[in-house]
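Chain residues, written in single-letter form:
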Amino acid sequence: MSLELENIEKRKTIPLTKGEWLAFFFVPVNPNWRLNPKSANQIEFERYKKFGFEKKIEQAEKARIAGILFYLLIILVAIIISSF
């Protein structure tokens, strides 16, 4: 197997680093959508697709969904606490 094929196979199984996961978790949507239509996370996600990082794509989607649910939970708790 050539070095190029080995690298292609390795890309499919490389997981997200802690920093990458936290970035997708804490910034699940683009905060500057008016000024900049693409966030850093969207650019990274497109790069993962382009180079075939299958595991990173899967984990990034999960981290993004978890981040959205996290912020919704915080908003819900804040509403409940403010109603007392």
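Residues numbered from 1 in each chain as written. Predicted model: local features only at pLDDT ≥ 70, side-chain atom pairs only at ≥ 80, totals over all residues. Heavy atoms only, no water.

## Observations regarding the nonpolar core
Right, so step 1: Judged by nonpolar contacts, Leu 16, Phe 24, Phe 45, Tyr 48, Phe 53, Ile 57, Ala 60 and Ala 63 together constitute the single largest core of 8 residues.
Right, so step 2: Within the residue set of this core, elements represented by two or more residues are helix H3 (40–51) and helix H4 (54–82).
Right, so step 3: No other element matches the 3 residues that H4 contributes to this core.
Right, so step 4: Residues in contact with Leu 16, not counting those within four places in the same chain, are Trp 21, Phe 24, Tyr 48, Lys 56, Gln 59 and Ala 60. (Core = buried A, V, L, I, M, F, W, Y, C linked by side-chain atoms within 4.5 Å. Buried < 20%, exposed > 50% of the residue type's maximum accessible area, 1.4 Å probe, protein only. Helix = DSSP H or I, 4+ residues; strand = E, 2+ residues; numbered from the N terminus. Contact = heavy atoms within 4.5 Å.)

## Focus on the packing of aromatic side chains
Right, so step 1: Summed over the entire model, instances satisfying the criterion amount to 7 aromatic pairs.
Right, so step 2: An angle of 85° between the planes, with centres 5.0 Å apart, marks the rings of Phe 25 and Phe 26 as edge-to-face.
Right, so step 3: Taking the relative accessible area as the measure of exposure, Phe 25 reaches 12% and is therefore buried.
Right, so step 4: Overall, the relative accessible area of 42% leaves Phe 26 in the partly exposed class.
Right, so step 5: Among the aromatic side chains, those forming a connected cluster through ring pairs are Trp 21, Phe 25, Phe 26, Phe 70 and Tyr 71.
Right, so step 6: Directly above the aromatic system of Phe 53 lies the positively charged group of Lys 56, at a separation of 5.1 Å from the ring centroid. (Phe/Tyr/Trp six-rings, centres within 6.5 Å; stacked < 30°, edge-to-face > 60°. Lys NZ or Arg CZ within 6 Å of the ring centre and 35° of its normal.)

## Digging into the UniProt feature "transmembrane region" (unreviewed entry) in the chain
Right, so step 1: Listed under "transmembrane region" (unreviewed entry) in the UniProt record, and renumbered for this structure, are residues 65–83.
Right, so step 2: Regarding residues 65–83, the helix share stands at 95% and the strand share at 0%, and the terminal C-alpha atoms are separated by 27 Å. (UniProt positions renumbered as here; feature names shortened; annotations may be inferred.)

## A word on the pattern of salt bridges
Right, so step 1: Overall, the coordinates contain 5 salt bridges when judged by the stated rule.
Right, so step 2: Between Glu 9 and Lys 12 there is a salt bridge, and its shortest N-O distance comes to 3.7 Å. Of the two residues, Glu 9 and Lys 12 both sit in helix H1 (residues 3–13), 3 residues apart, roughly one turn of that helix.
Right, so step 3: Ionic pairing is found between Glu 44 and Arg 47, a salt bridge with its closest N-O pair at 3.1 Å. Separated by 3 residues within a single helix, Glu 44 and Arg 47 lie in helix H3, roughly one turn from each other.
Right, so step 4: With relative accessibility at 31%, the residue Arg 47 sits in the partly exposed group. (Salt bridge = Lys/Arg side-chain N within 4 Å of Asp/Glu carboxyl O.)

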